[in-house]
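# Structure at a glance
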Amino acid sequence: MNTTNNTNQWLFEITPKNKFFSLNLREVWQYRDLLFLFVKRDVITVYKQTVLGPLWYLIQPLFTSVTFTIIFNNVAGINTGTVPPFLFNLAGITVWNYFTACLNGTSDTFKANAGIFGKVYFPRIITPISVVISTLIKFGIQFLIFIIFYIFYYFNGANLSVNISILFFPVLIIIMGVLGLGLGMLISSMVTKYRDFSNLIGFGIQLLMYLSAVMYPMELIKEKIPKYGWIVDYNPLAYVIETSRYMLLNVGHISILGLVYTLGITIVIFFIGLLVFNKTEKSFIDTV
């Protein structure tokens, strides 16, 4: 009798997940304080013991944009139309950095948090979600720098304009975040068994950047090397980068079919990543 009464007093019962696609948003909301704590940790502590601190958020995209401008625009002669090459590159790099930050931050979830996961229970999905949210704050800082340079070039006579499609720019950022989250969960689950994946992530991201039209218009590949243009056409990230430049700088074009394809790939990758993530969290502690 006492056992029955004690059992009825429990507020939550922790049991293994039986559903393939278990994204318990209600439970995530119950642990929202922990989620915000992880976000705060990711934003503040990463650069707490550095000399420049948050300035690293600004230095990286600026130096990368300068490098791309010198190499791809001045040396290789890639034409950016009426848009200043530096601003063209900064727009692509700012959006790209959000995706890579989400991917890098979530791809090491199990390995980096093994000590916490092994001691206390909370929804494991909170950890990669916190990374996506915290990197969104970093993206906001970098995007502010883009706006400052946009205003600078505009008042110095550059032919810049914004079209109504910019209202959908947040949707592109959400797509990038969800895609990075899905790939990150998938890679994080694989790293628990195959450590080689952690060594390939950096190289893979660098290679993927060149295939994602970050520093050149998509049409350029089709003109210069049409034989390999299909590689960029099948890359969903290329459509996000190209569309974001169209929204921000009114250069290039929007492919509705390409965006639908990108959205479909994003949803598929997210659910595959969630499936593998939920499966791995049951037994990862034995392999990490």
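Computed from a predicted model, the values in this text were never measured in an experiment. (Residues numbered from 1 in each chain as written. Predicted model: local features only at pLDDT ≥ 70, side-chain atom pairs only at ≥ 80, totals over all residues. Heavy atoms only, no water.)

## Describing helix α13 (residues 236-249)
Taking 1.5 Å per residue, 14 residues should reach 20 Å; α13 reaches 20 Å between its end C-alpha atoms and fits that length. Most of α13 sits inside the fold, with 13 of its 14 residues counted as buried. The distance from a side-chain oxygen at the start of α13 to the backbone nitrogen of Leu237 is 3.1 Å, and the residue carrying that oxygen is Asn235. Once α13 ends, the next one or two residues include Asn250, with phi positive near 60°. (Helix = DSSP H or I, 4+ residues; strand = E, 2+ residues; numbered from the N terminus. Expected span 1.5 Å × (residues − 1). Buried < 20%, exposed > 50% of the residue type's maximum accessible area, 1.4 Å probe, protein only. Polar contact = N/O pair within 3.5 Å; in protein donor to acceptor, adjacent residues only side chain to side chain.)

## Observations concerning the nonpolar core
Core analysis: the largest hydrophobic core is formed by 65 residues, its most contacted members being Trp96, Phe146, Phe169, Met176, Val214 and Leu249. Take this core: its biggest share by element is 12 residues, from helix α5 (residues 85-106). Discounting chain neighbours no more than four positions away, the residues touching Phe146 are Leu87, Leu90, Ala91, Thr94, Leu248 and Leu249. (Core = buried A, V, L, I, M, F, W, Y, C linked by side-chain atoms within 4.5 Å. Contact = heavy atoms within 4.5 Å.)

## Some remarks on the environment of Ile166
Within the secondary structure, Ile166 sits in the loop between α8 (126-155) and α9 (169-191). As for Ile166 and Tyr246, which are separated by 80 residues in sequence, their C-alpha atoms are 8.4 Å apart. Excluding residues that lie within four positions of it along the chain, Ile166 makes contacts with Met247 and Leu248.

## Description of the pattern of salt bridges
As enumerated under the stated definition, the model contains 1 salt bridge in all. Between Arg245 and Glu242 there is a salt bridge, with the nearest N and O atoms lying 3.3 Å from each other. Linking Arg245 with Glu242, this pair stays in helix α13, spanning 3 residues, or about one helical turn. Exposure class is identical for Arg245 and Glu242. Each is buried. (Salt bridge = Lys/Arg side-chain N within 4 Å of Asp/Glu carboxyl O.)

## Considerations on the packing of aromatic side chains
For any pair of aromatic rings, the description consists of the separation of the ring centres together with the inter-plane angle of the planes. By the definition in use, this model includes 16 aromatic pairs. A centroid spacing of 5.8 Å and a plane angle of 25° characterise the contact between Phe143 and Phe146, whose relative ring orientation is stacked. Within this pair, Phe143 and its partner Phe146 are both found in helix α8, separated by 3 residues, close to a single helical turn. Pair check on accessibility: Phe143 and Phe146 agree, each one buried. Following the ring pairs from residue to residue traces out a cluster consisting of Tyr98, Phe139, Phe143, Phe146, Tyr150 and Phe169. (Phe/Tyr/Trp six-rings, centres within 6.5 Å; stacked < 30°, edge-to-face > 60°.)

## Regarding the environment of Leu58
Note on placement: Leu58 falls in helix α4 (residues 56-75). With 81 residues separating them in the primary sequence, Leu58 and Phe139 have C-alpha atoms 9.9 Å apart. With residues up to four places along the chain from it excluded, the contact list for Leu58 reads Ile141 and Ile145.

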